[in-house]
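Architecture and fold: a report
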Amino acid sequence: MTGKKRLIFTLLLLGSFSLFAQNVHQHEGDSHDAEQENLHGEEEAHGEEINVSQVMLEHILDSHDWHITDIPSGTDEQGHTEYAPIALHLPWMIYDTEAGFVFASNTHALLEKGYLPYEMSVLKLNPGVDSHGLVDEHGHAHLHDIEVFKAENVNEEATVIDMSITKTALQMILIGLLLLVVFTSVARAYTRREGQAPKGLQSLMELIIVFLREEVAKPYLGANANRFFPYLLTLFFFIWFSNLFGLLPFNSNIAGNISVTAALAVLTFIITQFNGSKDHWKHVFNTPGVPWWLKFGIPLMPLVEFIGLFTKPFALAVRLFANITAGHFMVLGLVSLIFIMGDNGTSMAGGLGIMPLSVLFTMVIFALEMIVAIIQPFIFTLLTAVFIGMAMETHDDHHH
Amino acid sequence: MIITPSFGLFFWTAVIFLLFFVLLRRFAWKPILNALGEREETIANSLKQADQARADMERLQADNQALLKEARAERDNMLKEAGQMKDQIIGEARKEAQAAAAAEREKARAQIEAEKNNALLEIKDTAATLAVSIAEKLLRKQFDNQAAQEEYAKSLISELNNN
């Protein structure tokens with residue numbers, strides 16, 4: 001194992017620690033009602049608790065804050081350590097059918113406006129801020145208070161469309177910029193080192209690009225390979241880079257968002273249908289080799305074929321989403337084992353006991369995820385090529 | 001929740017992806033794929049040229065071989081011709097020499113013959129003179145009749161000449 005990877009694991013573990021610590025603080029001293037008991041689990045006797053599934057979801061889900069970690073910022077009157085988050089607070093852009101367009105520079109500012117778009121857990125407020133009853137008598141922001149705030153302010157009648165550039169969207173822009181930097185430099189290498197053998201990054205990427213062209217684009221798209229190859233390349237590298245960065249601490253798991261994979265699958269779907277040949281549509285609505293009454297009497301076959309058009313991209317989106325999310329849950333769950341066995345920090349022996357096993361398993365899963373990180377974009381790209389190729393195929397009717 | 005798609009993220013994903021797709025296609029994929037295509041073409045051409053060069057080389061080698069063979073044959077021919085010429089020259093020289101020698105011999109023989117004939121004639125003359133004088137002396141003593149004796153002697157000499 002190289003030093004670099006070890007660093008990654010260490011960072012991952014450290015990142016998890018800091019978030020748990022933050023959560024401990026957030027829930028401390030809360031008086032829970034029944035609903036919150038349900039959401040956050042049993043409270044420990046000493047007043048600290050970790051809700052593992054909550055923390056795991058926080059790592060998985062998209063957010064309006066790019067949270068890095070929390071640092072101790074002092075102690076409150078009861079002697080407990082206070083934490084201040086190190087985070088990039090992202091702006092909100094909302095269209096509300098009742099309130100119209102709502103813009104706010106961050107979550108805090110949005111809450112200060114007295115507006116909550118929908119029910120949500122706002123965990124990452126700066127402690128000590130005064131925002132309309134969000135702060136308790138000790139100057140702490142509490143989830144409980146926000147819940148109260150929420151109940152009063154959310155307009156159930158309104159339809160809210162959240163168009164904010166969230167953490168995942170921002171991460172995607174960064175991934176896109178990285179792709180641009182990497183591949184324009186690779187492209188420059190071809191002009192700078194013209195007529196010479198490829199070298200370094202150029203030869204690595206060339207290997208992948210040529211592999212995709214020979215094994216994906218050409219076999220399934222044939223004569224149209226060149227037309228769709230840039231799209232396939234973008235898909236592959238975009239998802240692959242996203243997955244690799246998603247494995248690093250502090251980064252969003254882009255392809256673990258169903259919205260992201262759905263958008264990519266919809267793009268593939270649109271390209272597929274817009275390039276569908278006459279035979280493709282004939283196959284859907286007048287499938288050759290099927291008894292006429294199944295097509296025009298009882299239109300079962302066209303129905304099945306029509307549904308089939310949508311199940312393909314649906315499977316595409318769900319496969320990628322589920323694979324990436326599952327990997328993240330595995331890693332997070334295994335790391336969380338330390339905190340579960342450590343009994344929220346009360347049992348040092350339990351925590352230390354499980355730690356070697358937890359770290360070992362995390363390493364194994366992490367290695368597996370590195371493989372999944374490249375296999376999934378490959379499958380997505382391959383199936384995209386297959387779907388487009390199938391739709392563009394022109395059959396000779398005499399074959400049927 | 002986790003499986004609830006959010007329209008905002010869906011929308012931004014599509015926008016961001018398409019934006020970077022266009023940018024990457026323009027600034028990365030096109031130059032890279034063009035360069036790869038050019039290089040593949042260059043490699044294919046180079047291979048073809050190498051094949052051609054090999055074929056050319058083989059042909060040249062065959063040509064060389066043929067030339068060499070020809071040269072060797074020519075050399076052999078020249079050697080043979082030279083040999084023939086040598087033989088011929090030697091033969092001619094010998095023939096000439098022989099002829100010259102033969103002519104010389106012939107000349108010598110003719111000379112000897114002539115000398116011999118001369119000598120014979122001289123001997124005959126001398127013999128005749130001697131015979132006559134001897135006979136004269138003999139006859140003078142024996143015969144008084146000068147005239148009849150001379151007549152007889154003359155007939156004898158003419159008889160000698162006729163021989």
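Just so you know, these numbers come straight off a predicted model, no measurement behind them.

Each helix and strand counted, chain A has 13 helices and 5 strands in total. The 400 residues of chain A split such that 51% are buried. Look at the contacts in chain A between residues 6 or more apart in sequence, and 65% of them connect residues 24 or more apart. Entry remark: accessible area of chain A is about 19000 Å², with carbon and sulfur atoms responsible for 65%.

With that settled, the discussion passes to a nonpolar patch on the surface. Residues and elements named next belong to chain A. A cluster of nonpolar side chains, Trp292, Trp293, Phe296, Ile298, Leu300, Leu303, Val304 and Ile307, forms an exposed patch at the surface whose accessible area comes to about 880 Å². Listing elements by their share of the nonpolar patch, those giving two or more residues are helix H11 (292–297) and helix H12 (300–341). With 4 residues, the top contributor of residues to the nonpolar patch is H12. The class of Leu303 is partly exposed, set by a relative accessible area of 48%.

Once that is clear, we can look at H12 of chain A. Where H12 of chain A bends most, the angle comes to about 30°, and this point is Val335 of chain A. Just past H12 of chain A, the residue Asp343 of chain A takes up positive phi, approximately 55°.

This part is about the nonpolar core. Among the nonpolar cores identified, the biggest contains 67 residues, and Phe183, Met205, Ile209, Phe237 and Phe241 of chain A together with Trp29 and Ile32 of chain B are the most heavily contacted of them. Every element with two or more residues in this core is listed here: helix H6 (167–192), helix H7 (201–221), helix H8 (225–246), helix H9 (258–274), H12 and helix H13 (348–392) of chain A together with helix H1 (7–142) of chain B. Excluding its chain neighbours within four sequence positions, the residues that come into contact with Ile209 of chain A are Phe183, Phe229, Leu233 and Phe237 of chain A together with Trp29, Ile32, Leu33 and Leu36 of chain B.

A few words on the sheet that holds strand E3 (residues 92–96) of chain A. Residue and element names in this part refer to chain A. Pairing is antiparallel across the open sheet formed by 3 strands, whose spatial order is E4-E3-E5. A single partner strand is all that each edge strand has here, and the edge strands are strand E4 (100–104) and strand E5 (160–162). When the angles between neighbouring strand axes are averaged without regard to direction, this sheet yields 20°. Sheet topology places E3 next to E4; 5 bridges connect them, and they run antiparallel. Directly across from Asp96, in E4, lies its bridge partner Gly100.

Glancing now at the packing of H6 of chain A against H7 of chain A. All names here are of chain A. Across the interface, H6 lies against H7 with an axial gap of 9 Å and an inter-helix angle of 100°. Judged on the interaxial angle alone, H7 and H6 are roughly perpendicular. Counting all contacts with H6, which are made through Val182, Phe183, Ser185, Val186, Ala189 and Tyr190, the residues of H7 involved are Leu201, Gln202, Met205, Glu206 and Ile209. Class assignment of the residues belonging to the contact of H6 with H7 gives a composition of 8 nonpolar, 2 polar and 1 charged.

Right, let's talk about the confidence of the model for chain B for a bit. Close reading of the predicted structure is inappropriate where its pLDDT is low. The predicted model of chain B has a mean per-residue pLDDT of 88, with 94% of residues at 70 or higher. Here the prediction assigns the complex a pTM of 0.71, and the interface score ipTM is 0.78.

Further remarks concern the interface of chain A and chain B. How big an interface is tends to be stated in terms of the accessible area lost upon association of its parts. If you look at the interface, chain A gives 51 residues, while chain B gives 33 residues. For the pair chain A and chain B, the two sides together bury roughly 3500 Å², of which 83% comes from carbon and sulfur. At the boundary of chain A and chain B, one finds 2 salt bridges. There are 6 residue pairs in polar contact (both at pLDDT 80 or more) connecting chain A and chain B. Those elements that place two or more of their residues in the side of chain A that touches chain B are helix H3 (52–60), E5, H6, H7, H8, H9 and H12 of chain A. The greatest single-element share of the side of chain A that touches chain B, amounting to 13 residues, is contributed by H6 of chain A.

Next up on the list: the environment of Pro117 of chain A. Residues and elements named next belong to chain A. Relative to the elements of secondary structure, Pro117 occurs in the loop between helix H4 (107–112) and helix H5 (143–153). The buried category is assigned to Pro117, whose relative accessible area is 4%. Along the primary structure Pro117 and Ile94 are separated by 23 residues, whereas in three dimensions their C-alpha atoms are 7.7 Å apart.

The subject of this paragraph is the packing of aromatic side chains. All chains considered together, the criterion is met by 19 aromatic pairs over all chains. Taking the centre distance of 5.0 Å and the plane angle of 35° together, the rings of Phe269 of chain A and Phe310 of chain A count as tilted. Within this pair, whereas Phe269 of chain A is found in helix H9, its partner Phe310 of chain A is found in helix H12, the two being separated by 41 residues in sequence. Aromatic ring contacts, followed pair by pair, group Phe183, Phe236, Phe237, Trp240 and Phe241 of chain A together with Trp29 of chain B into a single cluster.

Let us look at the environment of Gln111 of chain B. Structurally, Gln111 of chain B can be placed in helix H1. Note: C-alpha distance between Gln111 of chain B and Ile16 of chain B (95 residues apart in sequence) is 135 Å.

The next point concerns the pattern of salt bridges. What the rule picks out here adds up to 9 salt bridges over all chains. Ionic pairing is found between Asp76 of chain B and Arg75 of chain B, a salt bridge with its closest N-O pair at 3.3 Å. For Arg75 of chain B, a relative accessible area of 47% translates into the label partly exposed. One connected set of salt bridges, linked through shared partners, spans Arg213, Glu214 and Lys218 of chain A together with Glu40 of chain B.

It is worth spelling out the side chain of Thr261 of chain A at this point. Residue and element names in this part refer to chain A. When you line up the elements, Thr261 lands in helix H9. What makes Thr261 buried here is its relative accessible area of 0%. Those residues in contact with Thr261, other than ones at most four positions away along the chain, are Ala255, Ala317, Leu320, Phe321 and Phe380.

Scoring rules and cut-offs
Residues numbered from 1 in each chain as written. Chains lettered and ligands numbered in written order. Predicted model: local features only at pLDDT ≥ 70, side-chain atom pairs only at ≥ 80, totals over all residues. Heavy atoms only, no water. Helix = DSSP H or I, 4+ residues; strand = E, 2+ residues; numbered from the N terminus. Buried < 20%, exposed > 50% of the residue type's maximum accessible area, 1.4 Å probe, protein only. Contact = heavy atoms within 4.5 Å. Areas by Shrake-Rupley, 256 points an atom, 1.4 Å probe, with all protein chains shown as cover. Patch = residues over 30% accessible without salt bridge, like charges linked within 9 Å, V, L, I, M, F, W, Y side chains within 5 Å. Salt bridge = Lys/Arg side-chain N within 4 Å of Asp/Glu carboxyl O. Bend = angle between axes of the 7 residues up to and from the residue. Core = buried A, V, L, I, M, F, W, Y, C linked by side-chain atoms within 4.5 Å. Pairing = 2+ DSSP bridges. Axes fitted to C-alpha atoms, helices over the stretch in contact; angles between N-to-C directions. Parallel < 35°, antiparallel > 145°, perpendicular 65-115°, else oblique. Nonpolar A, V, L, I, M, F, W, Y, C, P; charged D, E, K, R; others polar. pLDDT = per-residue confidence, 0-100. Buried area = accessible area lost by both parts, 1.4 Å probe. Polar contact = N/O pair within 3.5 Å; in protein donor to acceptor, adjacent residues only side chain to side chain. Phe/Tyr/Trp six-rings, centres within 6.5 Å; stacked < 30°, edge-to-face > 60°.

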